[in-house]
Amino acid sequence: MEPRATIARHTALPWKHCIHLTVLLVQLSLPEVAASCRILRCNSDFVAATLDLGSSSSSSGGGGGGGGGASLTREAVNAGYCSALRSYAMCTKRMARACRGDLAYHSAVQGIEDLLIQHRCPRAGPTAQPRPLPQGTLLGDACLYERSFSIREGRTPEYLHCGVFGDPHIRTFNNDFQTCAVQGAWPLVDNEYLYIQATSSPTRGGTHATALTKITIIFKNWRQCVDQQLYQAELDNVPAAFADGSVSSGERRGHHSLTVRTQSPGRHAEIRAAHIGTLLVVRQSGRSLGLSVRSPSSIVEAFGPEQDLQLCLWGCPASQRLNTLRPPPPDSSPSSATSAQAHCAALLPARDVYYQACVFDLITSGDLNSSAAAVSALQDATNMISDAQRVHLQPVASAEQHRARLELTLLLLGMLGTLTGA
């Protein structure tokens, strides 16, 4: 009888507690999900947008409305709530790819649908305007992102890293690693502050090998900090200056929002964008260009639904992905693969994705100089990622992590259905 009583107690568990338990299990077993899926940002924005509505609703519900005359009618409160819900829905759509295996995200999406129906909100209509920044952030150090953030939040920003190099290989802001067969111009980053485009072209050797041959970076006009500025690099021409010949831009209170410097003229450029706390390194390694980016998460996530094609955020399209573990050279042989592995092992400290990329590039191109791209990309990642444990990614884990997350989430959802349906 005792086992049956125990089962009965479990099946009687309230459904809300089951959901909370499942979310907790997902978060504990999948720590990377929280790092790449930022549904909490959508949640907090929605709460912030409805705070004033809650107080207005309660004051108007009291009937008197005498406390200052700032209370809203019930219709105005509902309209504001609907606007906040539509903004909430838009935010979840922007997070759809990164959050596709996250239970908390899917719960939020379903909750929004229920609330839209409950409040009879039209699907189309105005959205909640973002809350204005505190006045202090528009003064003083407004054009120094890191300092302004620390004063406002009392902590340092959370930084994300993206690296693009070689054939090309992409380490996304979400720490996915992919090798792409893309040719032509593709956006790497596209948000409110920054646009980066990379052009990939076939190399002379082989039908599968491609390489980055051009990188275009546009810093968008932002308040009084910086006017629009353009930087362009091409193969054998990595300038240490912007397109207009300047090496700095956006002077304010003795500081420049944008600066360019180099350690190797013609082959390396380091661009610092102080107004958005972002560092970019452009370099030529062998016969290809590479780009490394370190940017705060709030800057990376500042984009609209029409800016959903970003290789640094979502990776390359599924149809354009290659398997780094299986290089497809036209004339490979076991001896060439063995020599490539030995060459890359001597240059790189771990059998991680950078090692696999090195071997892939060496086999597909047949050029020993191609291995320099992976070495430089690893060095940039080491310099840009504060947690040394997160620098090295394992090839198989990186390629399969989304599928593993989804399978575990589906398993937990099945368990949840069993508990609540009993």
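Figured I'd write up the structure that's included with this text. (Residues numbered from 1 in each chain as written. Predicted model: local features only at pLDDT ≥ 70, side-chain atom pairs only at ≥ 80, totals over all residues. Heavy atoms only, no water.)

Remarks on the pairing of strand E11 (residues 278-285)
It is a general feature of regular strands that their side chains alternate between the two faces of the sheet.
Thinking step 1. With respect to burial, E11 is a largely interior element, seven of its eight residues being buried.
Thinking step 2. The sheet contact formed by strand E10 (residues 268-273) and E11 spans six bridges and is antiparallel. Pairing of Glu270 across the sheet is with Val281, part of E11.
Thinking step 3. In this antiparallel pair of consecutive strands, E10 and E11, the connection spans four residues, and Gly277 shows a positive phi of 60 degrees.
Thinking step 4. Of the pairings in the sheet, the one linking E11 to strand E12 (residues 288-296) comprises seven bridges and is antiparallel in character. Counterpart to Arg283 in the pairing with E12 is Gly290.
Thinking step 5. The turn joining E11 and E12, which pair antiparallel and follow one another in sequence, is formed by two residues; a positive phi near 65 degrees is taken by Gly286. (Buried < 20%, exposed > 50% of the residue type's maximum accessible area, 1.4 Å probe, protein only. Helix = DSSP H or I, 4+ residues; strand = E, 2+ residues; numbered from the N terminus. Pairing = 2+ DSSP bridges.)

Quick notes on helix H7 (residues 145-153)
Thinking step 1. Here H7 has its buried residues at Tyr145, Ser148 and Phe149. Buried residues of H7, seen end-on, are gathered within an arc of 100 degrees and therefore sit on one face of the element.
Thinking step 2. Positive phi appears at Gly154, one or two residues downstream of H7, with a value of about 75 degrees. (Arc of directions from axis to C-beta.)

What about the sheet that holds strand E13 (residues 321-322)?
Thinking step 1. Strand order in the open sheet formed by nine strands is E8-E9-E10-E11-E12-E1-E2-E3-E13, and the pairing between neighbours is antiparallel. The two strands at the open ends of the sheet, each matched to only one other strand, are strand E8 (248-252) and E13.
Thinking step 2. Here strand E2 (residues 169-171) runs beside strand E3 (residues 177-180); their pairing, made up of three bridges, is antiparallel. Bridging from a neighbouring strand, Ile170 pairs with Gln178 of E3.
Thinking step 3. Of the strands in this sheet, strand E1 (159-165), E11 and E12 are in contact with helix H12 (residues 371-384), which crosses E11 at around 165 degrees. (Contact = heavy atoms within 4.5 Å. Axes fitted to C-alpha atoms, helices over the stretch in contact; angles between N-to-C directions.)

A word on the packing of helix H5 (residues 74-94) against helix H6 (residues 103-118)
Thinking step 1. Across the interface, H5 lies against H6 with an axial gap of 10 Å and an inter-helix angle of 150 degrees. Between H5 and H6, the crossing angle belongs to the class labelled roughly antiparallel. H5 and H6 meet at a crossing whose hand is left-handed. For the pair H5 and H6, contact is made by Tyr81, Leu85, Tyr88, Ala89 and Thr92 and by Tyr105, Ala108, Val109, Ile112, Leu115 and Leu116, respectively. (Parallel < 35°, antiparallel > 145°, perpendicular 65-115°, else oblique. Left-handed = near helix turned anticlockwise from the far one by under 90°.)

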